[in-house]
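# An overview of the molecular structure
Here's the letter readout for the chains.
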Amino acid sequence: MPRVSQDHLDARRRQILDGSRVCFARYGYEGATVRRLEEATGLSRGAIFHHFRDKESLFLALAEDDAVRMADVVAEQGLVQVMRDLLVNRSEHPADWLGTRLEVSRRLRTDPEFRARWAERSEQLTVATRQRLLRQREAGKLRDDVDVHVLTAFLELVLEGLVSHLAMGLPGDDLGPVLDLVEETVRRHRVGSGTTHPA
C-alpha cells in the first residue's frame with residue numbers, strides 16, 4: 001500500500017476543517033451531526049475521524065485554527081484590524097468564522113468541560129494582542145497611562161461586543177468610525193503627530 005504524503009494529509013485535514021466550519025456555523029454544535037459533517041466535507045466518517053478523535057476534537061481544532069489566523073492578523077496589524085475585516089467581509093470565511101466564534105461563546109457559557117479544554121487554547125489571541133500593544137508602546141505609539149493588560153481586555157471586550165452585534169443581524173456598515181474611536185482611545189497623542197494604528 002503506497003504511503004500517503006504529508007501534503008496529502010495536510011490537504012485532507014484542511015478540507016475537513018473548511019467543510020466543518022460551514023456545517024458548525026449553519027447548524028451549531030449539536031446540529032452538526034456526523035451525517036451533516038460528511039455532506040459538508042464530502043468525506044466519510046472514517047476519513048473525518050481518522051484525523052480527529054471525535055466531534056469535540058474537530059470543533060476545538062476548528063476554533064483553534066480560527067484563533068491562530070486571528071492571532072496572525074493581530075501580530076501584524078492589531079486586533080482592531082480583525083474587527084475591520086469582519087465588517088467588510090475581507091477575512092477568508094467571515095460568516096462561517098462568526099458562526100464558529102458564536103458557537104464557542106455559547107459552549108463556554110453552558111459546557112464546563114469544554115470551557116476547561118478551551119482555556120488551554122484561548123490564551124493565544126490574548127498573548128498576541130498584548131505583545132502587539134507592548135511593541136507599539138515601545139515605539140511610542142500607545143498611551144502609557146493605562147496598563148497593557150487593561151488595554152488588552154478593553155480591545156477583547158470590544159471584539160466580543162462586535163461579534164454579538166453582527167450575530168444579532170444588526171448592520172455593521174456604519175461601525176467604521178466606532179473602530180476609529182477604539183484606536184484613538186488606545187493611541188498616544190502627540191501634537192502634530194501622524195495617524196498610527198497601534199491596536
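Residues numbered from 1 in each chain as written. Predicted model: local features only at pLDDT ≥ 70, side-chain atom pairs only at ≥ 80, totals over all residues. Heavy atoms only, no water.

## What to know about the pattern of salt bridges
Taken as a whole and judged by the stated rule, the model has 18 salt bridges. Note that Glu160 and Arg101 form a salt bridge whose closest N and O atoms lie 2.2 Å from each other. Placement of Glu160 in helix H8 (residues 148-167) and of Arg101 in helix H6 (residues 94-110) is noted, with a sequence separation of 59 residues between them. Residue class for Arg101 comes out buried when judged on its relative accessible area of 18%. Between Glu184 and Arg187 there is a salt bridge, with the nearest N and O atoms lying 2.4 Å from each other. Of the residues examined, Arg187 reaches a relative accessible area of 10% and is grouped as buried. Look at the salt bridges and you will find they share partners, linking Arg14, Asp18, Arg21, Asp65, Asp66 and Arg69 into a network. (Salt bridge = Lys/Arg side-chain N within 4 Å of Asp/Glu carboxyl O. Helix = DSSP H or I, 4+ residues; strand = E, 2+ residues; numbered from the N terminus. Buried < 20%, exposed > 50% of the residue type's maximum accessible area, 1.4 Å probe, protein only.)

## Some words on the packing of aromatic side chains
A full pass over the atoms with the stated rule returns five aromatic pairs. Taken together, the aromatic side chains of Phe24, Tyr29, Phe59, Phe114 and Trp118 make up a single cluster linked through ring pairs. (Phe/Tyr/Trp six-rings, centres within 6.5 Å; stacked < 30°, edge-to-face > 60°.)

## Considerations on the packing of helix H1 (residues 6-31) against helix H2 (residues 34-41)
H2 packs onto H1 with a crossing angle of 145° between their chain directions and a minimal axis gap of 8 Å. Crossing of H1 against H2: the hand is right-handed. Contacts from Gln15, Ile16, Gly19, Ser20, Cys23, Phe24, Tyr27 and Gly31 in H1 reach Arg36, Leu37, Ala40 and Thr41 in H2. Partitioning the contact of H1 with H2 into residue classes produces six nonpolar, five polar and one charged. (Axes fitted to C-alpha atoms, helices over the stretch in contact; angles between N-to-C directions. Left-handed = near helix turned anticlockwise from the far one by under 90°. Contact = heavy atoms within 4.5 Å. Nonpolar A, V, L, I, M, F, W, Y, C, P; charged D, E, K, R; others polar.)

## Quick notes on the nonpolar core
If you look at the biggest cluster of nonpolar residues, it comprises 26 residues, and the most contacted ones within it are Leu79, Met83, Leu86, Leu159 and Leu162. Residue assignment for this core shows that the elements contributing at least two residues are helix H4 (55-77), helix H5 (79-88), H6, helix H7 (112-138), H8 and helix H9 (176-186). The element that contributes the greatest number of residues to this core is H8, accounting for seven residues. Discounting chain neighbours no more than four positions away, the residues touching Leu162 are Met83, Leu86, Leu87 and Leu175. One finds Ile16, Leu43, Phe59 and Ala63 within the second-largest nonpolar core, a separate group that totals 21 residues. (Core = buried A, V, L, I, M, F, W, Y, C linked by side-chain atoms within 4.5 Å.)

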